[in-house]
Amino acid sequence: MSQVLTVTPGRPGGFPTLRDALEVADDDTVITIAAGTYNEALRLDGRRLTLVAAEPGTVTIDVVSVDQPAVRARGAELTLRGLVLQAGDANAVEIVGGRLTIENCEVRARYGAGLAVTDRGTVQASELVVKGAEFGVLIEDSTGVIERSEISDVTADGVIARLGADPIIRDTTIAGCRYRGIYVYQASNPTIERCEVSRTGDAGISVAHHSSPTIRESWIHDASGVGIFVGRGCGGLIEGNTLESTASPALQIDEGAHPTVIAARADRPRVNAGHQPIDRAIQKDPDRVEKLLADLDGMIGLAGVKNEVRTLIDEIQVNEWRRAAGLSVGAVSHHLIFTGAPGTGKTTVARIYGELLKALGVLPNGAFREVSRRDLVGQYIGHTAEKTTEVFTSAIGGVLFIDEAYTLTRSTGGSDFGREAVDTLVKLMEDHRDEIAVIVAGYTKDMADFLDANAGLASRFAKTMEFENYEPEQLVLIVHRIAENDDYMLAPGLSDGLLEWFHQVERDQNFGNAREARRLLEGMRKMQSTRLRGLGRVPSRDDLRTLVLDDLINATR
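Residues numbered from 1 in each chain as written. Predicted model: local features only at pLDDT ≥ 70, side-chain atom pairs only at ≥ 80, totals over all residues. Heavy atoms only, no water.

With respect to the environment of Val-145
Phase 1: Position of Val-145 among the secondary structure elements: in strand S17 (residues 143–147).
Phase 2: Here Val-145 falls in the buried class, since its relative accessible area comes to 4%.
Phase 3: Counting along the chain gives 22 residues from Val-145 to Val-123, while the straight-line C-alpha distance between them is 6.2 Å. (Helix = DSSP H or I, 4+ residues; strand = E, 2+ residues; numbered from the N terminus. Buried < 20%, exposed > 50% of the residue type's maximum accessible area, 1.4 Å probe, protein only.)

Here's the deal with the sheet that holds strand S12 (residues 106–111)
Phase 1: Read across the sheet, 10 strands follow the order S3-S6-S9-S12-S15-S18-S21-S24-S27-S30 without closing on themselves; strand pairing throughout is parallel. Whereas interior strands pair on both sides, the edge strands pair on one side only; in this sheet they are strand S3 (36–38) and strand S30 (242–244). Put simply, the sheet's adjacent strands are angled 10° from each other on average, direction ignored. (Pairing = 2+ DSSP bridges. Axes fitted to C-alpha atoms, helices over the stretch in contact; angles between N-to-C directions.)

Focus: the side chain of Arg-72
Phase 1: Structurally, Arg-72 can be placed in strand S7 (residues 71–74).
Phase 2: Exposure remark for Arg-72: the relative accessible area of 17% places this residue in the buried category.

A closer look at helix H11 (residues 514–533)
Phase 1: When the terminal C-alpha atoms of H11 are compared, their 29 Å separation across 20 residues agrees well with the 28 Å that a helix rising 1.5 Å per residue should span.
Phase 2: What H11 keeps buried is the set Glu-516, Ala-517, Leu-520, Leu-521, Gly-523, Met-524, Arg-525, Gln-528 and Leu-532. (Expected span 1.5 Å × (residues − 1).)

What about the pattern of salt bridges?
Phase 1: Using the criterion set out here, one finds 34 salt bridges in the structure.
Phase 2: Where Lys-358 meets Glu-239, a salt bridge forms, and the shortest distance between an N and an O atom there is 3.4 Å. In this pair, Lys-358 sits in helix H4 (residues 346–359) while Glu-239 sits in strand S29 (residues 237–239), placing the two residues 119 residues apart along the sequence. Residues Lys-358 and Glu-239 agree in their burial class; the two are buried.
Phase 3: Of the charged contacts in the structure, one is a salt bridge between Arg-288 and Glu-355, with a shortest N-O distance of 3.6 Å. Residue Arg-288 is found in helix H2 (residues 286–297), and its partner Glu-355 is found in helix H4; the two are separated by 67 residues along the sequence. (Salt bridge = Lys/Arg side-chain N within 4 Å of Asp/Glu carboxyl O.)

Let's talk about helix H10 (residues 494–504)
Phase 1: Taken as a whole, H10 has its buried residues at Leu-494, Gly-497, Leu-498, Trp-501 and Phe-502. Along the axis of H10, the buried residues cluster in a sector spanning 130°; they form a single face. Across from the buried face of H10, at angles greater than 90 degrees, the exposed residues are Asp-496, Glu-500 and Gln-504.
Phase 2: Looking at the buried side of H10, the elements it contacts are helix H9 (472–485), strand S38 (489–490), H11, strand S39 (546–547) and helix H13 (549–555). (Arc of directions from axis to C-beta. Contact = heavy atoms within 4.5 Å.)

Some remarks on the environment of Ala-448
Phase 1: Structurally, Ala-448 is set in helix H8 (residues 444–451).
Phase 2: As for Ala-448 and Pro-364, which are separated by 84 residues in sequence, their C-alpha atoms are 31 Å apart.

Topic: the packing of aromatic side chains
Phase 1: This model, assessed by the stated rule, comprises 4 aromatic pairs.
Phase 2: Note on Tyr-183 and Tyr-185: the rings are 4.3 Å apart at their centroids and 10° apart in plane angle, and the pair reads as stacked.
Phase 3: Look at Tyr-185 and you get buried, because its relative accessible area is 13%.
Phase 4: An angle of 40° between the planes, with centres 6.2 Å apart, marks the rings of Tyr-406 and Tyr-443 as tilted. Taken together, the residues span a long stretch of sequence, with Tyr-406 in the loop between strand S35 (399–402) and helix H7 (418–431) and Tyr-443 in the loop between strand S36 (437–442) and H8 at a distance of 37 residues.
Phase 5: Positioned above the aromatic ring of Tyr-183 is the side chain of Arg-180, whose terminal nitrogen or guanidinium carbon lies 3.6 Å from the ring centre. (Phe/Tyr/Trp six-rings, centres within 6.5 Å; stacked < 30°, edge-to-face > 60°. Lys NZ or Arg CZ within 6 Å of the ring centre and 35° of its normal.)

Describing the packing of H9 against H11
Phase 1: For the pair H9 and H11, the least separation of the axes is 9 Å and the interaxial angle reads 55°. One way to sum up the angle between H9 and H11 is to call them oblique. For the crossing formed where H9 meets H11, the hand is right-handed. Touching Leu-475, Ile-478, Val-479, Ile-482 and Ala-483 of H9 are Ala-514, Ala-517, Arg-518, Leu-521 and Arg-525, all from H11.
Phase 2: Split by residue class, the contact of H9 with H11 holds 8 nonpolar, no polar and 2 charged. (Parallel < 35°, antiparallel > 145°, perpendicular 65-115°, else oblique. Left-handed = near helix turned anticlockwise from the far one by under 90°. Nonpolar A, V, L, I, M, F, W, Y, C, P; charged D, E, K, R; others polar.)

Examining the pairing of S35
Phase 1: Of the two faces of S35, the one carrying Val-399 and Phe-401 and the one carrying Leu-400 and Ile-402 are both buried.
Phase 2: Bridging between S35 and S36 involves 4 bridges; their strand directions are parallel. The residue bridging Leu-400 from the neighbouring strand is Val-438, located in S36.

These results come straight from atomic positions and should not be treated as a statement about function.
Following this line, the structure appears as structure tokens:
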């Protein structure tokens, strides 16, 4: 069982301050906080904790006077529930890597973001209220879900997704932003669905720098700028939105942009609608199928995986033809197993697969939800089945992606509720086999052990796909592609240096593949910054764009 601590200033039986409780808290501790205002900036690097208000809305962590985040954490696993968090000249909540679950909280900041998630972090936010910040929510090189939330009265952009961020933002209202409601740039691919964006000082939603968001069934109105702007080189899907009382044109697509646009519905999309029954009148989109397959083919490496996906798509199409011809069609499972090392494209392929199933008319929305053990496993008898069912139900109509699924069947000591989650999933996957695609992922050997944990588990999956490590030459291409998307170029000789580096680096089971390529590029950027600062002059545009061999050498020392 988890340790439970209480903070009750001025009363016996609890800790007087948050810091006192944190000093003795072990991993997985739940800290319950009594009503009051706490002027304590919390730095929670590497911690695994839950902070919860004894009564929602009665606990305020106020650090306006010290210009630090109310909560800052690097590489942590945190849950914040029922709290009010306010900062001054800093982000109110700042998460670097790791995972944050934030529920029924209100965040405020004078400057900075209400919530900032960076460096491959994951956020699960629900019923979050952001008021009075410079930026509402900033998601950089990160992912997650923001749902049933409200962002209002910010002095710049309501939501920023950048540097390859791909969160899902749904059933959320964004209003009263002095600049843009949502700004998507630097090769980001968020999903924005059933949102209301209004009263913006510029565009309702703006897309730039090779980004490809999905903007679906949202209501954008009363914007000083256009409703949706899509810049040169950007793509994505714009489907079923309503644009009212905006600048003209309501939808502005620059020359050289290539989004897929599907007309708005006659009625306004519903916001905060929650989970709805599956709509069986699913539209097929053959052109979208071909585009998605082209996107898959455009990924570096993964020849075997690409062939397996195409085989599945071919089977679905042939079954449709057989059905139309009056021939029998056997039951087909869309559940898959992805095995292999991290950074080999499993999450990206899972997203494309979900979109393919939607375009083929198999699934109604293709939405992607990524979860792990902590999202499925509870802390007491009966809690796990409830959590697992809730997560599964929320993903119906799309893809449920369970990363490191093997952790569900590894005993953690004491009561092992992970196997209860597996047993619940087995039944749900069979009951809803036509309504969802469940994809489980992890290391090859560990996934074999996972499948042995339940007699019926392996039979629920249609296929296992092995994601192989990238070859050094492919990793160099990945660096090139990321650099190009971020407006960088590699000087002569740098590609050879990268190839030599990837040949000599140790490639054990913890090697991050594409993540290692991104990490290395980030290190080179930092070294470039140091080099350019020492020039003694303002760098030229080419200087700012060019990475050189010395940047690699310095980054790998």
